[in-house]
Structures are given as C-alpha cells and as structure tokens.
Amino acid sequence: MATFRFTAGPWNIHEGNETFGPGIRPQIPFEDKIVKFKEIGLDGVQFHDDDAVPDMNDMSETAIVDYAKDVKGLLDKNGLFAEFVAPRLWFDKRTNDGAYTASLDEDYDFAVWRSLRSIDIARALGTNKIQLWYAREGTLCAEGKDPVAKIKKMRDAINTMLEYDPGILILIEPKPNEPIDRSYCGTAGHGLALGAQTIDPSRVGLCIESAHSILAGLDPANDMAFGLAWNKLWGVHLNDQNGIRYDQDKSFGVDNLRQAFNQVKVLYENNFGDLGNFECVGLDVKAMRTQPAEDCYRHLINSKAIFLKLLEKVKRFDYDFQKKCVTEQNFEKLEMYVIDLLLGEA
Ligand code: XLS
Ligand code: MG
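A brief look at the structure comes next. Sequence order sets the numbering: in each chain, residues are counted from 1 along the sequence as written. Labels are handed out in written order, letters beginning with A for the chains and numbers beginning with 1 for the ligands. The predicted origin of the model limits local features to residues at a pLDDT of at least 70 and limits the giving and counting of side-chain atom pairs to 80 or more, whereas totals for whole chains, interfaces and linings rest on all residues. Heavy atoms throughout the structure, all of them, feed into the side-chain values; hydrogens and water do not.

**Some words on the coordination of the magnesium ion (ligand 2)**
Thinking step 1. Only N, O and S atoms count as donors, using a 2.8 Å cut-off from the metal and 3.2 Å for Na, K and Ca, and because water is excluded some sites may appear unfinished. The coordination sphere of the magnesium ion (ligand 2), as far as protein atoms go, consists of E173 (OE), E209 (OE), H237 (ND1) and D284 (OD), spread over 1.9 to 2.2 Å.
Thinking step 2. Considering all 6 donor atoms around the magnesium ion (ligand 2), angles at the metal cover 82 to 170° and the coordination shape is octahedral.
Thinking step 3. Spacing between the donor residues of the magnesium ion (ligand 2) along the chain follows E-x35-E-x27-H-x46-D. With a gap of 75 residues between them, E209 in strand β8 (residues 204–209) and D284 in the loop between β10 (280–283) and α10 (298–316) connect regions that are remote in the sequence. Considered together, E209 and D284 belong to a single accessibility category, that of buried residues. Angle rules define the geometry names used: all angles between 85 and 135 degrees makes four donors tetrahedral, while opposite donors over 155 degrees apart and all other angles between 65 and 115 make four donors square planar and six octahedral, leaving every other case irregular. A helix here means a DSSP run of H or I that spans at least four residues, while a strand means a run of E at least two residues long, and both kinds are numbered starting from the N terminus. Classification of residues uses two cut-offs on accessible area relative to the type maximum, computed with a 1.4 Å probe and protein chains only: under 20% is buried, over 50% is exposed, and between them is partly exposed.

Next up, the structure:
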C-alpha cells in the first residue's frame, strides 16, 4: 500500500535569507546539492525552470534544451529523477505585477514563453510534470486588476501549455497569500475549478502543500483527501506552519504532529505513489536562519525521518478500535487513543 518517493528542490537548501536579513550561509553549488540529496536519501529533484537552466532568459530555445540535457546527465549519474519543472514567474521585473495576470500584454507573453520553455526543460529532464505555484497571481492593490478578466487569463495560459505538449500534466499548487495578499487561486477547490475550465481537465491536477492549506485556514490532510477523492493529487509539498502568518516552510511535523500524522495517514490509506501519476512526496522545507552551514541539510533529513516515524504509527493504527469508537460515537475515547499512539503509549 502506497509507494513513497522523496524529493526536494535546490531552493530547499538556501543561505538563510529572509525579509529581515540577507543570507548568512555560503552558497552551495547546484552539483553539490544534487550529490548530497542522494546521500541523505532523496529519490528525485524538483526544479524551477531556472534552477535547471540559470540564464535561460538570454539563451536560445535550442541552447536551453541542450543545457537541460546536461542536467539530466548529472541526475542520471547520481541516480536521481526529475519530478517536475515549475516556471519561476515571480523573480523577473516583467512578472512583478503577476505573470499570467500581468497588467501588460508583453509581460503575459513573457510568462507564457517561460512556461513553454519549462515544458521543453521538463521533457529534457525526463518528466512530463509542470507545477504552477501562482506566486503573484492576485493583487496587493485590490483595484489594480480586473479579477474576472485576469482569472480567465490564468485559464488561457494553461490551455496554451496543454496545446503545446499533449503529454504534459499540470499540477496547480494553490496558496492563499504571500507574496500577494489576495490570491486568485488560493485553495485546492480553486485549483480544480480552474483545471475544469481548460481544454483538457484530465491533465490538470493538484500539488497540496501543508503550509499553504494552513495559511488558508484549512486542514492539509483534508485538502489532500479532496484531491485523492478524484485522483487529482499528483504531488504533495510537506512542511509545517505555525498558524496563519508568514510562510514558514518548517520541517514536516515539527509544529503540529497530529496534523502531520493525518497527512501521512491519508496518503498511506489511499495508495499515494501508486495511483498512476508517479506521485512523489516533496519536502518543501527551509532551514532556520540560525542553522549552521555545516548542518544545513538537517531539515530535509528530519522531515523524511519524521514522515517515516509517523508512517510506523499509521501502520499500527487500530482500525477495529476506531470502528468500535465510531459505532459508540465515543470520539473522546478515539482521541485519547490517537494521543497515546503518538506518545508511544498505545
Ligand atoms: C512557495 C512554494 C514554492 C513552490 C515551487 O511558497 O511552495 O516553493 O513549491 O515553486
Ligand atoms: Mg511548495
């Protein structure tokens, strides 16, 4: 039941930079990260388009593909696969005001160009998955955009990608805020509704990130369940988050163990990983700024370890006892059992 392949992106090892201070750990070259990813027990790598091809904006379309092929060679050499490519549509000046929802037509065109190049890069890396995290698709100034027209542009951009390559899958990674304060696609429901409006809804699914669900005031395990119910959960980004505040990307399970337990439980019970779309367990976590440079992979190691420890708990879950409690409607009893299980006393 269930196959768990663990992945992370090069951005998950960073220098500790945040809004209140610059990076304080030395930069680690991409190649070194890849080698280390394998060493700490990851199976695959997630990419932004420019993680794979850093100077892509200034390169020809053929040069981009050639460069990506070399990256594929590096992955092969280290026994890793590429899970997805996500166009990074929030760094460039042209995507300052949104990408698919940019105010200027030429900026929208740039966003679509990057998206199509992401598909080329994905193909060169050996994956058919494109992940869309809609960083700036929404507003800081609510009156700055016509929301109805712009939401339709998000659909148009997906259609262009689906048309460009009939074999790709689009994974929408919803998030309700940050860096914008009002997202146009904040939840799993929005993601699926948007997919349903495209020319091929069967190729649009979800990647649910724990922290993003929490930021939306929702339960991550239930968001995952919502995707699983329609075989639309094609990826997860596990991490943790202390309530509705800035995006923290804490290690999986460190803030709310029971909530993490239920994420593992819903994935395990529903055969995640064996559902036909090579579903992977992404660890979208970031080390604290205080973390020493010589131990800066610890949050990834911990996240995987916590997942596996919780998986053992899930496997020991007493379904007969659960059934008995449900029949008796004695949920107080069931809660105590879950707490005892998590505390090692059941
Ligand atoms: C940011 C997102 C980002 C995506 C990849 O909040 O989680 O890391 O997963 O673009
Ligand atoms: Mg993420």
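Now that the structure has been shown, the text picks up again.
**Re unusual backbone geometry**
Thinking step 1. In the segment running from E178 into P179, the intervening peptide bond is cis, with an omega of 10°.
Thinking step 2. The residue E178 is not glycine, and still its phi comes out positive at about 70°.
Thinking step 3. Mapped onto the elements, E178 comes out in the loop between β6 (169–173) and β7 (182–183).
Thinking step 4. Residues other than glycine seldom take positive phi values, yet N231 does so here, at roughly 50°.
Thinking step 5. Looking at the secondary structure, you find N231 in the loop between α8 (220–229) and β9 (233–238).

**Digging into the site of ligand 1**
Thinking step 1. Within the structure, ligand 1 sits among W11, H48, W90, W133, E173, K175, E209, H212, H237, D247 and D284.
Thinking step 2. Side-chain polar atom of E209 to an oxygen atom of ligand 1: 2.8 Å apart, as the coordinates give it.
Thinking step 3. Contact distances for ligand 1 include 3.2 Å between an oxygen atom and a side-chain N or O atom of D247.
Thinking step 4. Here the accessible surface of atoms and residues is derived via Shrake-Rupley with a 1.4 Å probe, and residues count as covered only by protein chains that are part of the display. Summarising the interface, the protein chains cover 95% of the accessible area of ligand 1, which totals 290 Å² for the free molecule.
Thinking step 5. Under the grouping applied here, Gly and all other residues not named as nonpolar or charged are polar, the nonpolar ones being Ala, Val, Leu, Ile, Met, Phe, Trp, Tyr, Cys and Pro and the charged ones Asp, Glu, Lys and Arg. Tallied by class, residues from the shell around ligand 1 come to 3 nonpolar, 3 polar and 5 charged. Proximity criterion: a residue is near a molecule or strand once any of its heavy atoms comes within 4 Å of it. Here a polar contact is recorded for every N or O atom pair within 3.5 Å, except that within protein the pair must consist of a potential hydrogen donor and a potential acceptor, and residues adjacent in sequence are included only if both atoms are side-chain atoms.

**With respect to the pairing of strand β2 (residues 44–48)**
Thinking step 1. A large share of β2 lies buried, amounting to 5 of its 5 residues.
Thinking step 2. Burial along β2 is two-sided: the face carrying G44, Q46 and H48 and the face carrying V45 and F47 are both buried.
Thinking step 3. Whether two strands pair depends on DSSP finding at least two bridges between them. Sheet analysis places strand β1 (residues 6–8) next to β2, joined by 2 bridges and oriented parallel. Counterpart to A8 in the pairing with β2 is V45.
Thinking step 4. By convention, a crossover is right-handed whenever its connection, traced from the first strand over the helix to the second and viewed with the strands pointing away, goes clockwise. Once you follow β1 into helix α1 (residues 30–39) and on to β2, the crossover reads as right-handed.
Thinking step 5. Here 4 bridges tie β2 to strand β3 (residues 81–86), and the two strands are oriented parallel to one another. Within β3, the residue paired with V45 across the bridge is A82.

**Details of the nonpolar core**
Note that soluble globular proteins tend to have their nonpolar side chains buried in a common cluster.
Thinking step 1. Here, nonpolar core means buried Ala, Val, Leu, Ile, Met, Phe, Trp, Tyr and Cys residues that are tied together by side-chain atoms lying within 4.5 Å of each other. Counting 89 residues, the largest nonpolar core has F4, F47, Y100 and I170 as its most contacted members.
Thinking step 2. By definition, residues are in contact when any of their heavy atoms lie within 4.5 Å. Once residues lying within four places of it in the same chain are set aside, the contact partners of F4 are D43, L267, Y268, F272, V281, F307 and L311.

**As for the environment of I24**
Thinking step 1. Note on placement: I24 falls in the loop between β1 and α1.
Thinking step 2. As a C-alpha pair, I24 and H14 span 10 residues in sequence and 9.4 Å in three-dimensional space.
Thinking step 3. Ignoring sequence-local partners within four residues, the contact set of I24 consists of E15 and R289.

**Structural notes on the packing of α10 against helix α12 (residues 331–342)**
Thinking step 1. For helices, the axis comes from a line fit to the C-alpha atoms of the stretch in contact; other axes are also lines fit to C-alpha atoms, and the angle between any two N-to-C directions lies between 0 and 180 degrees. α12 packs onto α10 with a crossing angle of 135° between their chain directions and a minimal axis gap of 10 Å. What the angle tells us is that α10 and α12 run oblique. Viewed along their axes, α10 and α12 form a crossing whose handedness is right-handed. Facing L310, K313 and R316 of α10, the residues of α12 in contact are Y337, L341 and L342.
Thinking step 2. For the contact of α10 with α12, a count of residues per class yields 4 nonpolar, no polar and 2 charged. Working definition: roughly parallel below 35 degrees, roughly antiparallel above 145 degrees, roughly perpendicular at 65 to 115 degrees, and oblique for all remaining angles. Left-handed describes a crossing in which the near helix is turned anticlockwise from the far one by less than a right angle; the clockwise case is right-handed.

**Let's talk about the packing of aromatic side chains**
Thinking step 1. Only rings of Phe, Tyr and Trp enter the pairing, Trp through its six-membered ring, and a pair is recorded when the two centres are within 6.5 Å. The plane angle decides the type: under 30 degrees is stacked, over 60 is edge-to-face, the rest tilted. Evaluation of the coordinates by the stated rule reveals 13 aromatic pairs.
Thinking step 2. Relative to F307, the ring of F252 has its centre 6.1 Å away and its plane inclined at 40°; by these criteria the two rings are tilted. Note that F252 is positioned in the loop between β9 and α9 (257–269) and F307 in helix α10, a separation of 55 residues in sequence.
Thinking step 3. Judged by its relative accessible area of 0%, F252 is buried.
Thinking step 4. Exposure remark for F307: the relative accessible area of 0% places this residue in the buried category.
Thinking step 5. Their ring planes at 55° and their centres at 5.2 Å tell us that F321 and Y337 sit as a pair that is tilted. Taken together, the residues F321 in helix α11 (residues 319–328) and Y337 in helix α12 connect sequence positions 16 residues apart.
Thinking step 6. Over the ring of F110 we find R94; its NZ or CZ atom is 3.8 Å from the centre of that ring.
Thinking step 7. Above the plane of the ring of F317 lies K265, whose end atom (NZ or CZ) is 4.7 Å from the centre. Throughout this description, the term charge over a ring refers to an Arg CZ or Lys NZ atom that lies within 6 Å of the ring centre and within 35 degrees of the ring normal.

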